[in-house]
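Coordinates in review
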Amino acid sequence: MSQIEKIRHSLSHIMAHAVKDLYKEAVLGMGPATSEGFYYDFGNVKISDTDFPQIEKRMRELIKQQIPFQEEIKSKEEAKEMFKDEPYKIEIIEEMEKDKVSVYRSGDFVDICSGPHIKNTKEINPNAFKLDRAAGAYFKGSEENPMLQRIYGLAFENKEKLEEYLKMREEAEERDHRKIGREMELFLFDEEVGQGLPLYLPKGAMLRHVLMDYVLNTYLYNNHQIVSTPHIAREDLWQHSGHLKFYSGDMYGPLSVEERNYRLKPMNCPFHVKMYKSRVRSYKELPIRWSEMGTVYRYEKSGEMHGLTRPRGFTQDDTHIICAKKQLEQEIITSLKITKHIYHTLGMEDLIFKLSIRDPKKSENYFGNNKDWEMAEKALKSSLSSFGLSEYELDEGGAAFYAPKIDIDAVDAMGRSWQLSTIQVDFNLTSRFNMNYVNEKGEQETPFMIHRALLGSIERFLGVYIEHTKGDFPFWLSPEQVWVVPISEKNVSYAKEIYQKLREERIRVSLKGTSENLSKTIRNGELQKIPYLLVVGEKEEKEKKVNIRSRKEKQETKSLEETVEKLKKEAHAKIVAIN
RNA sequence: GCCGAGAUAGCUCAGUGGCAGAGCAUUCCCAUGGUAAGGGAAAGGCCCCGGGUUCAAAUCCCGGUCUCGGCUCCA
């Protein structure tokens, strides 16, 4: 264990020590080190951040006393006696397998702990830690257990590193998509509309539209077809699909229509299954690749929502590929390639691939038999290696109730990773709905179904993408691409000519008025992150030129024709074939 | 859902039992400008909602809604 981890861990003991000194009634939970500091959980006490200065003060006093940390080994019985007034500690001791309990003593504070710790509190830099926030946390992380008071602290090797971390957090706040969404007028939430239900303003809706248009056109160009399905369906369908049994906790309650119950869709799959089954299918039709920008509704508990990244209603770029067994691997590989291509185009090149399989200990949580699961998991594994990935993360228990999957995380500009894409191999819905096709020999065969969402949810993707780009979208994706800014009233007609030419190229361009100063207009354009500001005054008009102010390139003056040529070349994303 | 904090103008926030405030944004007037804030005026408020305490509540108390930070859960 590194020195800083030892310091963080030791600080959690010091904090618990201080809390016990200040609040006699507090009982101890657990208190480990974290990647930026430490925390400790307390029961039977109410502590909020207004109490932090007092606790910090006591911690500094303890540190100053140069208290040594010493390990002692006790039997379970001895340990239980030592912690007889600490119900959570007793529970922890009882769960231990060996009759050997390691405890650490620092001054008159003692805690069950396997260590290691620093030797003495003089190793702690008293200027490089601070208490951060108070929060509730379930004992041992389970909703079944009582909620304890958790206090988080930050701790680093030195003051500079602490400040660096705080600065990084400030930067994350600056990038917060909820803040940028408000400032750039992209989207909003309204109390009366309801939690987790985003309203897209014109600029946000345009951003969303251009993004969806790009991915959908990429699918279409790569031999997918577009389909569309309703938002509600009779409860019977969800019964049949198994969603009501395995997924009802995430679904909204029934809507009664003419004495029949309907449900909002949490997924699009059953509709696609129904379309497949609308007539007899031949092996010659496979693979069928059906894509839908499908808006689904999932019940998220009130505290679980977070801006666009965790709403209650969201739209998936949902594709279902129905194919024969021998086509399975190739389809997964192509899907991986399309994913890579799309994220590359969007400027998110750092992807983490995770194979999510069943938790073997909880087979009751999944559909289907072992053999099929093994087959599907194998297909995903070999696709990953054919795709050129021999190393990937393995998430045991991460599978959906009906299928194992490859989940793909994208890493953003701040190094944070977000699960976005998913590619799932399903053999359950196909048999549950008795899906078939006629094979070469004229026999009925059951196909496989790949569920695939590459952006995942458009909402979540946009939330992440806004934070990744800080609202500085690529030219082709910007809701407002170009402003034409005349310097004075005299230049308006020339500005209008430029505006018209760009409009003809389907560039999203606005013509600005002259009611405010040039520098004010430029400032607003910069704040709104408009990729190109085309400034024209007397000088430009006389020579039929345009002064181009770009967010990414140096300012330059070009002829009108060159300007239009340059902009039209980059204004729209290229749709390419992937294989 | 649970623990904690919060909600005042479109936005960011001040005000703390006694007339509702600022900056930016908005509207109008003046200025017609050369690459990140020209000047002036006006308008803008069920101080989140409901109840209570009080001569008097934006302010104190109770309940609810929504937001934020965590926990749990998740695309």
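Residues numbered from 1 in each chain as written. Chains lettered and ligands numbered in written order. Predicted model: local features only at pLDDT ≥ 70, side-chain atom pairs only at ≥ 80, totals over all residues.

**A short note on the overall build of chain A**
What counts, and what does not: Elements are defined by DSSP. Helices are runs of H or I of four residues or more, strands are runs of E of two residues or more, and each kind is numbered from the N terminus. Note on burial: count the other C-beta atoms lying within 10 Å of the residue's C-beta; 20 or more is buried, 12 or fewer is exposed, in between is partly exposed, and C-beta positions come from the backbone. By definition, residue pairs are in contact when their C-beta atoms, positioned from the backbone, come within 7 Å.
Secondary structure assignment for chain A yields 18 helices and 27 strands. Across its three principal directions, the C-alpha atoms of chain A cover 85 × 75 × 50 Å. A total of 579 residues make up chain A; the buried ones form 37% of that total. Restricting the contact set of chain A to residue pairs at least 6 apart, pairs at least 24 apart contribute 70%.

**Quick word on unusual backbone geometry**
Trans is the common state for peptide bonds, and a negative phi is the common state for residues other than glycine. Residue Pro287 is reached from Leu286 by a cis peptide bond, and omega for that bond is -5°. Tracing the chain through its elements places Pro287 in the loop between helix H10 (269-276) and strand E14 (288-297). The phi torsion at Gln66 lies on the positive side, around 50°, for a residue other than glycine. One can find Gln66 in the loop between helix H2 (52-64) and strand E3 (69-74). For Asn223, which is not glycine, the phi dihedral falls at a positive 65°. One can find Asn223 in the loop between helix H7 (202-221) and strand E10 (225-226).

**Considerations on the sheet that holds E10**
Inclusion rule: Any two strands with at least two DSSP bridges between them are considered paired. For helices, the fitted line uses only the C-alpha atoms of the stretch in contact; every axis is such a line through C-alpha atoms, and the angle between N-to-C directions lies from 0 to 180 degrees.
Spatially, E10-E14-E15-E22-E19-E18-E16-E17 is the arrangement adopted by the 8 strands of the open sheet, whose pairing is mixed. For this open sheet the edge positions go to E10 and strand E17 (393-396), each flanked by a neighbour on one side alone. As paired strands, E10 and E14 are joined by 2 bridges and run parallel to one another. Looking at the pairing, Gln225 lines up with Trp290 of E14. Taken strand by strand, H7 contacts E10, E14, strand E15 (313-323) and strand E22 (448-457), and its axis lies near 155° from that of E14. On top of the sheet, helix H11 (residues 328-345) reaches E15, strand E16 (351-357), strand E18 (405-411), strand E19 (417-426) and E22; it is set at about 5° to E22, its chief contact.

**Quick word on H2**
Cut-off, in case you're wondering: One less than the residue count of a helix, multiplied by 1.5 Å, gives the span that helix is expected to have. Regarding the arc, it is the one traced by the directions from the helix axis to the C-beta atoms.
In a regular helix each residue adds 1.5 Å, so 13 residues correspond to 18 Å; H2 covers 18 Å between its end C-alpha atoms and thus fits that length. Every buried residue belonging to H2 is among Met59, Leu62 and Ile63, and all of these are buried. In an axial view of H2, the angular spread of the buried residues amounts to 100°, which keeps them on one side of the axis. Exposed residues lying more than 90 degrees from the buried face of H2 are Pro53, Lys57, Glu61 and Lys64. Tucked into the core, H2 has its buried residues touching helix H1 (3-22). Two residues or fewer past H2, Gln66 is found with a positive phi of approximately 50°.

**A closer look at the domain arrangement of chain A**
Stated formally: The split into domains, and so the bounds of each, comes from an automatic or database assignment of domains. Put simply, Ala, Val, Leu, Ile, Met, Phe, Trp, Tyr, Cys and Pro go in the nonpolar bin, Asp, Glu, Lys and Arg in the charged bin, and everything else, Gly too, in the polar bin.
Taken domain by domain, chain A holds domain 1 (3-170), domain 2 (179-228 + 266-468) and domain 3 (475-570). A separation of 39 Å is found between the C-alpha centroids of domain 2 and domain 3. Domain 2 puts 6 residues into the contact, and the matching count from domain 3 is 5 residues. Its residues assigned to classes, the side of domain 2 that touches domain 3 comprises 5 nonpolar, no polar and 1 charged.

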